[in-house]
Protein chains: 2
Amino acid sequence: MTASTPLSTPGATLSYEQSGVNYDLIDPLKVTAQRAAASTAVHLAVHGFTEVAASRGESAYVVDVGPFYLASIVECLGSKALVADEMFTLTGKSYYDSIAQDTIAMAINDLITVGATPLVVQAYWAAGGSEWFADAQRSQALVAGWKRACDVCQVAWGGGETPALAGIVADGRIDLAASCTGLINPKSRLSVGDKLGVGDVIVLLASSGIHANGLSLARKLVERLPNGYLTEVSPGLTYGDALLAPTVLYSPVTEALYSAGITPHYCANITGHGWRKLLRHPAEHRYRIHTVPVVTPVLKFIQQQANQDDREAYSTLNMGAGFAIFVKPEDAQRTVDVARAQGVEALIAGQIEAGPKELLIEPLNIRFGNDDLQLR
Amino acid sequence: MTASTPLSTPGATLSYEQSGVNYDLIDPLKVTAQRAAASTAVHLAVHGFTEVAASRGESAYVVDVGPFYLASIVECLGSKALVADEMFTLTGKSYYDSIAQDTIAMAINDLITVGATPLVVQAYWAAGGSEWFADAQRSQALVAGWKRACDVCQVAWGGGETPALAGIVADGRIDLAASCTGLINPKSRLSVGDKLGVGDVIVLLASSGIHANGLSLARKLVERLPNGYLTEVSPGLTYGDALLAPTVLYSPVTEALYSAGITPHYCANITGHGWRKLLRHPAEHRYRIHTVPVVTPVLKFIQQQANQDDREAYSTLNMGAGFAIFVKPEDAQRTVDVARAQGVEALIAGQIEAGPKELLIEPLNIRFGNDDLQLR
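Keep in mind it's a predicted model, so treat the numbers as computed, not measured.

Asker: Explanation requested: the packing of aromatic side chains in the structure shown.
Answerer: Two measures describe an aromatic ring pair: the distance that separates the ring centres and the angle between the ring planes. Residues and elements named next belong to chain A. Applying the stated criterion across every chain, the model contains 24 aromatic pairs over all chains. Measuring from centroid to centroid gives 5.2 Å for Tyr96 and Trp132, while their planes differ by 80°, and the two rings are edge-to-face. Taken together, the positions of Tyr96 in helix H3 (residues 96–111) and Trp132 in helix H4 (residues 131–134) put the pair 36 residues apart, joining distant regions of the chain. In terms of burial, Tyr96 and Trp132 fall into one category: buried. With 5.8 Å between their ring centres and 55° between their planes, Trp125 and Trp157 make a pair best called tilted. Of the two residues, Trp125 is situated in strand S4 (residues 117–127) and Trp157 in strand S5 (residues 156–161); the sequence distance between them amounts to 32 residues. Residues Trp125 and Trp157 agree in their burial class; the two are buried. Within the aromatic cluster, the residues linked to one another by ring pairs are Tyr96, Trp132 and Phe133.

Asker: What's the story with the side chain of Asp175(A) in this structure? I'm lost.
Answerer: Relative to the helices and strands, Asp175(A) is located in strand S6 (residues 174–184). Although buried, Asp175(A) forms no salt bridge, and the nearest oppositely charged side chain, Arg173(A), lies 11 Å from it. Among the polar contacts listed, one links the side chain of Asp175(A) to the side chain of Tyr124(B), at a separation of 2.8 Å.

Asker: Would you mind going over the nonpolar core with me for this structure?
Answerer: What tends to happen in soluble globular proteins is that the nonpolar side chains get buried as a cluster. Formed by 119 residues in total, the largest nonpolar core has its most connected members in Trp125(B), Tyr239(B), Trp275(B) and Ile302(B). In terms of residue count, helix H3 (residues 96–111) of chain B provides more of this core than any other element does, nine residues in total. Cys150(A), Val155(A), Ala178(A) and Ala321(A) belong to the second largest nonpolar core, which has 118 residues in total.

Asker: It is not clear to me how the relation of the copies chain B and chain A should be interpreted in this structure. Could you clarify?
Answerer: For these two chain copies, the linking operation is a rotation about an axis paired with a shift along it. Least-squares fitting of chain B to chain A yields an RMSD of 0.0 Å, with the transformation described by 0.0 Å of translation along the axis and a rotation of 180°. In the structure described here, the two chain copies are related by an operation that fits a two-fold rotation axis. In this assembly the copies share their binding face: 100% of the residues contributing to the interface of chain B also contribute to that of chain A.

Cut-offs applied
- Residues numbered from 1 in each chain as written.
- Chains lettered and ligands numbered in written order.
- Predicted model: local features only at pLDDT ≥ 70, side-chain atom pairs only at ≥ 80, totals over all residues.
- Heavy atoms only, no water.
- Phe/Tyr/Trp six-rings, centres within 6.5 Å; stacked < 30°, edge-to-face > 60°.
- Helix = DSSP H or I, 4+ residues; strand = E, 2+ residues; numbered from the N terminus.
- Buried < 20%, exposed > 50% of the residue type's maximum accessible area, 1.4 Å probe, protein only.
- Lys, Arg positive; Asp, Glu negative; His and termini not counted.
- Salt bridge = Lys/Arg side-chain N within 4 Å of Asp/Glu carboxyl O.
- Polar contact = N/O pair within 3.5 Å; in protein donor to acceptor, adjacent residues only side chain to side chain.
- Core = buried A, V, L, I, M, F, W, Y, C linked by side-chain atoms within 4.5 Å.
- Least-squares fit on C-alpha atoms with pLDDT ≥ 70 in both.
- Contact = heavy atoms within 4.5 Å.

Given below as structure tokens:
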């Protein structure tokens with residue numbers, strides 16, 4: 001497209017970068033912060049502990065505290081609450097129960113990648129003013145959804161913060177985040193990728209929809225939909241409702257895998273950067289995908305409306321796969337079975353080969369190289 | 001004052017409630033959330049663990065994981081960054097190094113109340129847009145201050161989130177929070193108040209200024225100052241600079257106490273609700289204060305400008321005392337000595353007596369009863 005084509009023009013391609021988040025502006029800070037953070041690991045020695053260095057750059061930070069590993073994380077929901085707010089205006093329904101689940105999923109699904117059992121979740125609910133909390137329907141939905149997600153993941157909700165931040169959080173809005181602490185116990189459950197190797201099989205767990213990544217793009221698209229969020233994605237299902245399907249909580253699967261005697265070699269939560277997250281581990285391996293999952297209708301709809309080719313779509317959205325588990329070949333089918341027994345659809349999607357670091361999605365003729373994902 | 005008197009009128013009393021945060025709107029949600037959270041504790045049993053029930057309602061949540069206790073928390077900075085932004089406009093100086101310390105202090109100073117050694121801090125920096133991070137001076141200050149605070153507290157900076165949340169966080173602003181995880185090790189360090197009793201001595205640690213509570217009031221007051229944030233609080237010290245003195249990090253004191261063989265019976269971080277936080281523990285005790293610390297100039301200034309009587313001021317601001325430690329009488333003087341050796345001024349302020357739950361600040365003839373603090 002040319003610079004003069006409005007993004008709202010149907011037919012014009014809309015990339016994630018065009019939808020509002022400019023990583024070129026954030027990344028220099030991230031690099032500086034990561035270096036400063038890494039330099040603080042030495043402090044753990046004072047307390048008799050050490051960090052698991054391989055967890056730097058992974059989705060959760062891990063410390064060796066002796067009898068087990070300690071994992072912790074804080075994660076932001078992102079802009080999905082804005083869709084809930086719009087849909088409330090249009091339908092009068094509060095979606096904050098599913099928004100709560102999304103927020104917890106952001107933290108839990110990252111924490112479990114390193115092999116941790118989530119134990120405690122803390123709530124961070126920063127509103128644009130005290131008035132936000134005075135809407136009982138919305139508040140009760142948020143509480144109910146938060147509790148239900150804790151129940152599903154069998155974590156204790158420890159507490160949290162409910163500040164009213166007029167002037168910092170926009171009026172009428174809420175900034176939602178969750179922190180999560182867990183243990184890797186026994187220590188053999190640690191999955192930071194040191195056992196990842198050639199021959200390992202890639203199992204993909206189904207997503208429920210967009211989850212909570214790519215929402216800037218999804219919201220931008222509304223501008224070119226005649227009926228906006230009420231446009232039907234499939235018969236009887238509006239775009240807004242489809243977007244607001246809550247993120248799948250994957251910890252019941254990883255806990256069931258442990259009970260079944262399966263220890264993943266590595267896990268990747270497929271969030272921002274879409275399928276490029278399969279390249280997350282720093283090792284040099286080729287990831288060859290021979291089977292892709294069915295694309296959730298709302299993601300297919302977004303791809304079509306944004307006029308994205310497959311490469312762009314798979315580099316941004318989860319395209320039906322919310323979580324990747326890398327296991328020994330002999331564990332692959334059982335991993336699928338265990339996931340399905342927990343109500344999460346799964347499939348054997350590919351395997352790891354010797355080769356340069358790249359992801360080959362064969363059915364779609366897509367290749368992502370190491371240069372396509374710079375997280376460290 | 002009458003309802004028609006503008007808050008900016010010099011001489012009119014300005015209470016914390018008038019400054020913008022309406023707890024009456026937030027508290028019903030808080031109660032519902034606390035009940036729902038408490039009901040999730042049963043999940044820990046699945047993992048072989050139990051919560052420390054006495055930590056519900058305390059400043060950090062504690063789980064018994066066998067060889068030690070696990071403590072975790074997430075804390076918000078609040079609105080102090082708005083003062084930093086205003087002062088940047090006025091002086092061209094970035095205050096985000098001290099703002100970083102404030103944010104970490106909010107989490108660390110709460111976590112240590114239960115006897116925990118802080119181990120890992122996670123950063124939550126949610127900006128109103130990618131552009132926030134592009135200001136290198138400000139970003140570098142934030143990183144440098146965050147790292148320095150981690151160094152002081154000897155914690156590992158595990159990682160964090162730097163989302164750009166246009167539409168949720170106000171344009172040009174940043175919502176700062178920190179999560180912190182620590183261990184209570186050995187378990188005898190647990191200080192949730194079960195040993196708190198008659199005869200215990202109250203040691204108060206000095207604050208550096210307003211810390212990060214009461215800022216809504218402090219910002220509101222600017223409207224009645226002819227020179228705003230540049231008004232001098234004391235010769236050569238502007239109101240803005242005085243407000244932005246970073247919060248004292250108290251974990252070096254609590255760690256040094258442990259090294260000295262002193263285990264506090266209880267600790268209270270004096271934040272929102274000011275000295276009423278001394279009534280935090282649910283037990284029925286009378287807390288009698290015979291000596292109050294020198295009031296930091298900026299707090300004296302706020303009290304005067306807001307025309308608050310002592311009772312209002314001590315119920316809102318820390319008035320020179322940032323942290324309270326309750327110890328056995330024989331440990332009291334040594335607690336003061338240990339704090340001073342860490343560069344934190346301290347004093348023996350009072351003791352616990354048998355009696356109804358109340359706080360008597362004798363030098364000022366102030367009494368706070370149980371009704372004055374409802375946190376649970």
